[in-house]
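Reading the structure
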Amino acid sequence: MRMDEFEFTKIAGAVLSALLLIFGTRTIIDMTVGHTHQKPGYTLPAPTETAAKGGATAEAAAPAGETPDEAAKKVMALLPKANAENGKSIFKKCHACHVAEKGKKPTVGPNLWDVVNRKRASYPGFAYSDAMKAKGGSWSFDELAKFIHSPKTYIPGTKMVFQGLPSESDEADVIAYLATLADTPVPLPK
Ligand code: HEC
């Protein structure tokens, strides 16, 4: 019996130290791992904050879905401080289809010299779409803003195959540049 008791104590002791070893190790692991996890744990709110600011992110992505009217409102607000120099470099996108020098023959699109306040669809010798001819009116800053934001949305049936400028500030800048292209440049709205 004594031997059994001794054996039992030995076994119990072994089990106990094994358990201690396991829990002890786990605790150490938990502590270290816990600490390394702590950081990602704390950075987690960051994506949430970004998501909260995501209002802004979502807004930045919104212009594509904006109506021409909504976009034009923003463009008109930016226009007084628009940068025609920057607009000149953005105009490279337009230059694929438009010349903008006085008297030059139109290419894919009409010549855009003196386009601000010009009657719509009126450049001599250019074959406009029926949709463009039917629209009437003239190219005020506001009209340009609506059209350049999304040509197909604003004038369905236009043959200007261009998806539009997604950035309102780019749009304001390019319109400010167009305003310089005239014998008497059109002053930007105040
Ligand atoms: C892929 C060719 C293409 C590109 C790129 C393009 N346009 Fe056009 N654009 C056209 C065509 C074609 C028309 C004539 C549309 C019609 O008759 O429906 C036109 C018409 C216009 C008109 C109307 C002019 C008028 O005489 O009534 C304006 C303004 C205009 N484009 C501005 C721009 C601006 C600004 C850009 C650059 C941000 C640009 N376009 C990019 C092809 C293009």
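Residues numbered from 1 in each chain as written. Predicted model: local features only at pLDDT ≥ 70, side-chain atom pairs only at ≥ 80, totals over all residues. Heavy atoms only, no water.

**Thoughts on the overall build of the chain**
Of the regular secondary structure elements, the chain holds nine helices and zero strands. Listed by position from the N terminus, the elements making up the chain come as α-α-α-α-α-α-α-α-α. Relative to all contacts within the chain whose residues are 6 or more apart in sequence, the contacts with residues 24 or more apart total 51%. Carbon and sulfur atoms form 65% of the exposed surface of the chain, whose accessible area is close to 12,400 Å². (Helix = DSSP H or I, 4+ residues; strand = E, 2+ residues; numbered from the N terminus. Contact = heavy atoms within 4.5 Å. Areas by Shrake-Rupley, 256 points an atom, 1.4 Å probe, with all protein chains shown as cover.)

**A short note on the packing of helix α3 (residues 68–78) against helix α9 (residues 168–180)**
Relative orientation of the contacting elements α3 and α9 amounts to 60°, with a least axis distance of 9 Å. One element, α3, and the other, α9, form an angle in the oblique class. Once α3 is placed against α9, the crossing between them reads as right-handed. Each of A71, K74, V75 and L78 in α3 lies in contact with α9, whose residues at this interface are E168, S169, E171, A172 and I175. Grouping the amino acids of the contact of α3 with α9 by side-chain chemistry returns five nonpolar, one polar and three charged. (Axes fitted to C-alpha atoms, helices over the stretch in contact; angles between N-to-C directions. Parallel < 35°, antiparallel > 145°, perpendicular 65-115°, else oblique. Left-handed = near helix turned anticlockwise from the far one by under 90°. Nonpolar A, V, L, I, M, F, W, Y, C, P; charged D, E, K, R; others polar.)

**Digging into the pattern of salt bridges**
According to the stated counting rule, one finds eight salt bridges in the structure shown. Close ionic contact of K133 with D130 constitutes a salt bridge, the shortest N to O distance being 3.8 Å. Here K133 pairs with D130, and both are found in helix α6 (residues 130–135), just three residues apart, close to one helical turn. D142 is paired through a salt bridge with K146; the nearest N and O atoms lie 3.2 Å apart. One end of the pair is D142 and the other is K146, both in helix α7 (residues 141–149) and four residues apart, which spans about a single turn. By sharing partners, the salt bridges in this structure join D69, R120, D142, E143 and K146 into a single network. (Salt bridge = Lys/Arg side-chain N within 4 Å of Asp/Glu carboxyl O.)

**Some details on the confidence of the model for the chain**
Chain-level pLDDT for the chain is 83 on average; 69% of the residues reach the 70-or-more range. Per-residue pLDDT stays below 50 along residues 42–63; that stretch engages in six contacts with residues further than four places along the chain or on separate chains. (pLDDT = per-residue confidence, 0-100.)

**A look at the site of the ligand**
Around the ligand there are 25 residues in total, and C94, C97, H98, Y128 and M160 lie nearest to it. Interatomic distance of 2.7 Å between a side-chain N/O atom of H98 and a nitrogen atom of the ligand. One of the side-chain N or O atoms of R118 is found 2.8 Å from an oxygen atom in the ligand. Here the ligand is seated within the largest pocket. Those elements giving two or more residues to the shell around the ligand turn out to be α5 (92–95) and α7. The element best represented in the shell around the ligand is α7, accounting for three residues. (Near = heavy atom within 4 Å. Polar contact = N/O pair within 3.5 Å; in protein donor to acceptor, adjacent residues only side chain to side chain. 1 Å grid on protein atoms, 1.4 Å probe; cavity = no way out; pocket = protein on both sides within 12 Å on 5 of 7 lines; lining within 4 Å. Sits in = over half its atoms within 2 Å of the grid points.)

**Some remarks on the side chain of S129**
Take S129: it is sitting in the loop between α5 and α6. A polar atom in the side chain of S129 sits 3.1 Å from the backbone nitrogen of M132. When neighbours within four sequence positions are excluded, S129 is seen to be in contact with G157, T158 and K159.

**Comments concerning α7**
Buried residues dominate α7, accounting for eight of its nine residues. The complete set of buried residues in α7 reads F141, E143, L144, A145, K146, F147, I148 and H149. Residues of α7 that are buried sit in contact with α3, α6, α8 (151–154) and α9. (Buried < 20%, exposed > 50% of the residue type's maximum accessible area, 1.4 Å probe, protein only.)

**Overview of the coordination of the iron atom of the ligand**
For a metal with four tetrahedral donors the ideal donor-metal-donor angle is 109.5 degrees, whereas six octahedral donors ideally subtend 90 or 180 degrees. H98 (NE2) and M160 (SD) make up the full set of protein donors to the iron atom of the ligand, lying at 1.9 to 2.1 Å. One way to put it: the six donor atoms around the iron atom of the ligand meet at angles of 86 to 179°, and that makes the site octahedral. Within this pair, whereas H98 is found in the loop between α5 and α6, its partner M160 is found in the loop between α8 and α9, the two being separated by 62 residues in sequence. (Donors = N, O, S within 2.8 Å, 3.2 Å for Na, K, Ca; no water. Tetrahedral: all angles 85-135°; square planar, octahedral: opposite > 155°, others 65-115°.)

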